Amino acid sequence: MSVKVEASHDGIPHNKVMAMGLILALVSLYIAVAGAFAGYDYLAFFGGIAAVGALIWGNSTIKKLCSYGIGTGVPSAGMLAFGSGVIAMLFAAKLAVISPFLVPIAGLVIALIVGLVLGWISNSVLNMKIPVMTRSIAELAAVGSVALMGLTVVATGHVSFSEITAFNIDILGITVSFYDVSYIGAGIIAVSFMLGAIALQHPFNACLGPGEKQDRTNMLAIECGFLSMIVMAVISFAFVSLVAAWISLVIGLIGWFVSYKKYFALSKRDAAAWLDAKPFSDAEE
Amino acid sequence: MQEIIIGIGVTALAGALAAVAGAAEDTESNIGSQGDPNSQVQLAPQMGYTHRIYNKAVSGEPPAYTLWVTLACGVAWAFIMMNVNAVLAIIFGTVLATFVQGIYATTAYLGRTASLSKFGQPVFIDVLKSVTTVTMGHAFVAIFTTVTACYLMSTVLHHPFALPLLGVVWGLALGAAGSATGNPYYGKERQYQNQKFGAGVPISASGNIVRYAEAGQRSSIDNGFFTAKLGGPASGLCFGLIVFFELWRTVLFEPIANGWGAVVAGVVIILIFMIIDRYVEVWARKNYGPYTAAATEA
């Protein structure tokens, strides 16, 4: 039985953060999917916003889970989340043959189920006995799935299985599909996976300590989300239209710059001192 | 025959690139205090020892390097798809990966240090500026060489994996090699030079890391100077050998017995190394033995 250690007192309770992150992520995903459904990809950047929403939620979950003293488990939590998330995302993407609007919600539900099973295994079978374990792993799997879908949309403009496994090129009026150079065939999904997994664990891992503050950690989560979006936007030049890729890149850059500056300001607020080229002085000496 | 000769050439080149990558990776992580040594850097202010050592915790080295190399590979692939010259594409990918690495490094330093405000640990902006750029330089070298090795495997050796997937495999291997081989040369040795050699770290000395250098207060750049001598080359040798043996057994033994030749060669290589490792361990134990208290004069 692990002992709970309070990381810091939160201003906003976890359930509220979760609700806000989830709504932001799902609404953004649906806007992007609606854009793709209507036949243009200019709204692909909403996938990045969805990833940001998912990361804010996931961070709060990691903080809750990791208050049970699993220090080195923080990076592993990010990997686990995206590992289960990728299963759910691919499963859900298959359902796009019925309707593309089914994919985001199906991804969320399947991930929750996968996560519940994994959480039950780690808590009961592996005997880790952490009270919030089952729920947290389920939440993390859902976060992984939603963030992965968001980053996929930024890169390709789509979430449906047929679109992310084929790259269509018009040759002499005939459309030819290539698997090798598609989002999954070329392994770009591995880039999304790593970007998301590190971005998910980084904010809490970087801010942990007795002086951790919720708003600063959340700002870092937003920064990590936009930073991942920048990379996916650069890669998206190979998949989506030029205009759509530029829109994603510019919005990613602006979002990242604003949140990075804000994070610096918050760190300055919380730091014991902010010194430039000055030596330290020991309090006890 | 020609294919085998080209294969051997690529194997040698990739092994050399990997040796450089390993050396740069270990130096980068030691300057940034990533991985194992970071726990003591984090602990020091809580024990009353404020310091100017970089406190960077992006994650363990293997996942962090998996991200940098994978994303560089992905971006390079996207640029190659847009008909950009492969060398330029790899450079673009590496630049973007180094940028992401630098941003993660600064946010990790700021976050961890600001959260230690209770213990009076200040944020040093000059440390942030000087150390981050040095780690970024080393990261650039490590990422560029690894991505180039991946590209060679993918195009010349026709590896069945896509470029970003090779990035996952070799980024992880690079981080693991640097973490496992390089850190023992740094970790406790560098941080506890003020303790008696061979004594281990007694609990009472926890967090009492070396904070002063010859010319005043020490920053982490000094760690690069220290570990570049043994830790970096050892990591380079380790990662270089991994890449070299891996490619060499594939190039030479793949045609034998439907691919099983390569598998058997791999198992034999592992067995040979296990015997060597065991021999070195027994030899070291016999010669250096466990720590014994210094004999007191009667």
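The numbers attached to residues start from 1 for each chain and follow its sequence in the written order. Key to labels: chains lettered from A, ligands numbered from 1, both in the order written. Predicted model: local features are reported for residues with pLDDT of at least 70 only, side-chain atom pairs are reported and counted for 80 or more only, and whole-chain, interface and lining totals are derived from all residues. The side-chain numbers reported here are obtained from all heavy atoms of the structure, hydrogens and water having been left aside.

### Quick notes on the overall build of chain B
For step 1, the next point in the chain: When its secondary structure is counted, chain B shows ten helices and three strands.
For step 2, the next point in the chain: The helix and strand sequence of chain B, counted from the amino end, reads α-α-α-α-β-α-α-α-β-β-α-α-α.
For step 3, the next point in the chain: Structurally, chain B occupies a C-alpha span of about 70 × 55 × 25 Å along its principal axes.
For step 4, the next point in the chain: The contact definition used throughout considers only heavy atoms, calling two residues in contact when any of these lie within 4.5 Å. Counting only contacts in chain B whose residues sit at least 6 apart along the sequence, the fraction spanning at least 24 positions is 75%.
For step 5, the next point in the chain: For chain B, the computed accessible surface area is about 13300 Å², with 69% contributed by carbon and sulfur atoms.
For step 6, the next point in the chain: The positive count covers Lys and Arg only, the negative count covers Asp and Glu only, and His and the chain ends enter neither. Positions of charges follow a simple convention, taking NZ of Lys, CZ of Arg, CG of Asp or CD of Glu. For chain B, the centre of its 15 positive side-chain charges and the centre of its 15 negative side-chain charges are spaced 10 Å apart. The helix count covers DSSP runs of H or I at least four residues long, the strand count covers runs of E at least two residues long, and both are numbered beginning at the N terminus. Using a 1.4 Å probe, accessible areas were evaluated by the Shrake-Rupley method; residue-level cover was limited to the displayed protein chains.

### What about the packing of aromatic side chains?
For step 1, the next point in the chain: Put simply, two rings from Phe, Tyr or Trp (the six-membered ring, in Trp's case) pair if the centres are within 6.5 Å, and we call them stacked under 30 degrees between planes, edge-to-face over 60, tilted for the rest. Scanning the model with the defined rule gives 24 aromatic pairs over all chains in all.
For step 2, the next point in the chain: With a centroid separation of 6.5 Å and 75° between ring planes, the pair formed by A:Tyr183 and A:Phe239 is classed as edge-to-face. A residue pair is termed long-range when its members are at least 10 positions apart, and A:Tyr183 in the loop between strand S2 (174-178) and helix H7 (188-207) and A:Phe239 in the loop between helix H8 (214-236) and helix H9 (242-270) qualify at 56 residues. In this pair, the class of A:Tyr183 matches that of A:Phe239, namely buried.
For step 3, the next point in the chain: A ring pair is formed by B:Tyr54 and B:Tyr109, whose centres lie 4.9 Å apart and whose planes are at 5°; its orientation type is stacked. In this scheme, a residue with accessible area under 20% of its type's maximum is buried, one over 50% is exposed, and one in between is partly exposed, where area comes from a 1.4 Å probe on protein chains only.

### Remarks on the confidence of the model for chain A
If pLDDT is low for a region, its predicted coordinates should not be looked at in detail.
For step 1, the next point in the chain: Looking at chain A as a whole, its pLDDT mean stands at 89, while 94% of the residues score no less than 70.
For step 2, the next point in the chain: Looking at any residue, its pLDDT shows the predictor's confidence there, from 0 to 100. No element of chain A has a lower mean pLDDT than strand S1 (residues 167-171) of chain A, which averages 77, and none a higher one than H9(A), which averages 96.

### Thoughts on the pairing of S1(A)
Residue and element names in this part refer to chain A.
For step 1, the next point in the chain: Examined bridge by bridge, S1 and S2 share five bridges and lie antiparallel to one another. Bridged to isoleucine 169 within S2 is valine 176.
For step 2, the next point in the chain: Paired strands are those between which DSSP finds at least two bridges. If you look at the hairpin formed by S1 and S2, you'll find two residues sitting between the two strands, and leucine 172 has a positive phi there, around 50°.

### What to know about the pattern of salt bridges
For step 1, the next point in the chain: Take a side-chain nitrogen of Lys or Arg and a carboxyl oxygen of Asp or Glu: if they are within 4 Å of each other, that pair is a salt bridge. Inspection of the entire model under this criterion finds 13 salt bridges over all chains.
For step 2, the next point in the chain: Salt-bridge contacts for A:Asp270 lead to A:Lys213; the nearest nitrogen and oxygen are separated by 3.9 Å. Taken as a pair, A:Asp270 in helix H9 and A:Lys213 in the loop between H7 and H8 lie far apart in primary sequence, 57 residues in all.
For step 3, the next point in the chain: Look at A:Asp270 and you get buried, because its relative accessible area is 8%.
For step 4, the next point in the chain: Residue A:Lys213 is classed as partly exposed on the basis of its relative accessible area of 38%.
For step 5, the next point in the chain: Taking the shortest distance from any N to any O, the salt bridge between B:Glu281 and B:Arg278 comes out at 3.5 Å. Taken together, the residues span about one helical turn, with B:Glu281 and B:Arg278 both in helix H10 (residues 260-288) at a distance of three residues.
For step 6, the next point in the chain: Given the relative accessible area of 51%, B:Arg278 is considered exposed.
For step 7, the next point in the chain: When salt bridges that share partners are traced, they join A:Lys213, A:Asp215, A:Arg216, A:Arg269 and A:Asp270 into one network.

### Some thoughts on the interface of chain B and chain A
Frequently, the measure chosen for interface size is the accessible area removed from exposure when the parts meet.
For step 1, the next point in the chain: Chain B puts 55 residues into the contact, and the matching count from chain A is 55 residues.
For step 2, the next point in the chain: Of all residues in chain B, the largest losses of buried area upon contact with chain A belong to B:Trp77, B:Tyr104 and B:Ser115, amounting jointly to 14% of the total for that side.
For step 3, the next point in the chain: Taken together, the links from chain B to chain A amount to one salt bridge.
For step 4, the next point in the chain: B:Lys129 is paired through a salt bridge with A:Asp276; the nearest N and O atoms lie 3.6 Å apart. Buried surface area refers to the total accessible area, computed with a probe of radius 1.4 Å, that the two partners give up upon joining, counted for both partners together.

### Some points on the environment of B:Gln195
Residue and element names in this part refer to chain B.
For step 1, the next point in the chain: Within the secondary structure, glutamine 195 sits in the loop between helix H7 (187-191) and strand S2 (212-213).
For step 2, the next point in the chain: For glutamine 195, a relative accessible area of 21% corresponds to the partly exposed category.
For step 3, the next point in the chain: Every residue in contact with glutamine 195, bar those within four places of it in the chain, is listed here: Pro202, Ala205 and Asn208.

### Quick word on helix H3 (residues 61-81) of chain B
For step 1, the next point in the chain: Helix length check: H3(B), at 21 residues, gives a terminal C-alpha distance of 30 Å against a target of 30 Å (1.5 Å per residue), a fit within 8%.
For step 2, the next point in the chain: The buried fraction of H3(B) is high, at 18 of 21 residues. Multiplying 1.5 Å by the helix residue count minus one yields the expected span of that helix.

### What to know about a nonpolar patch on the surface
All names here are of chain A.
For step 1, the next point in the chain: Distance thresholds for patches are 9 Å for like charges and 5 Å for nonpolar side chains (Val, Leu, Ile, Met, Phe, Trp, Tyr), applied to residues having over 30% relative accessible area and no salt bridge. A surface patch of nonpolar side chains, about 1100 Å² in accessible area, is lined by Val97, Ile98, Leu102, Ile105, Val109, Ile113, Val117, Trp120, Ile121, Val125, Leu126 and Met128.
For step 2, the next point in the chain: Within the fold, valine 97 resides in the loop between helix H3 (73-94) and helix H4 (103-125).
For step 3, the next point in the chain: By relative accessible area, valine 97 is classed as exposed at 75%.

### Re the UniProt feature "transmembrane region" (unreviewed entry) in chain A
Residues and elements named next belong to chain A.
For step 1, the next point in the chain: UniProt positions are given in the numbering used here, feature names are shortened, and annotations may be inferred rather than shown by experiment. The positions UniProt marks with the feature "transmembrane region" (unreviewed entry) are residues 17-37, 43-62, 74-95, 101-121, 141-161, 181-200, 220-237 and 243-260.
For step 2, the next point in the chain: End C-alpha atoms of residues 74-95 are separated by 32 Å, and the span's content is 95% helix alongside 0% strand.
For step 3, the next point in the chain: Taken as a whole, residues 141-161 contains 81% helix and 0% strand, while its terminal C-alpha atoms sit 20 Å from one another.

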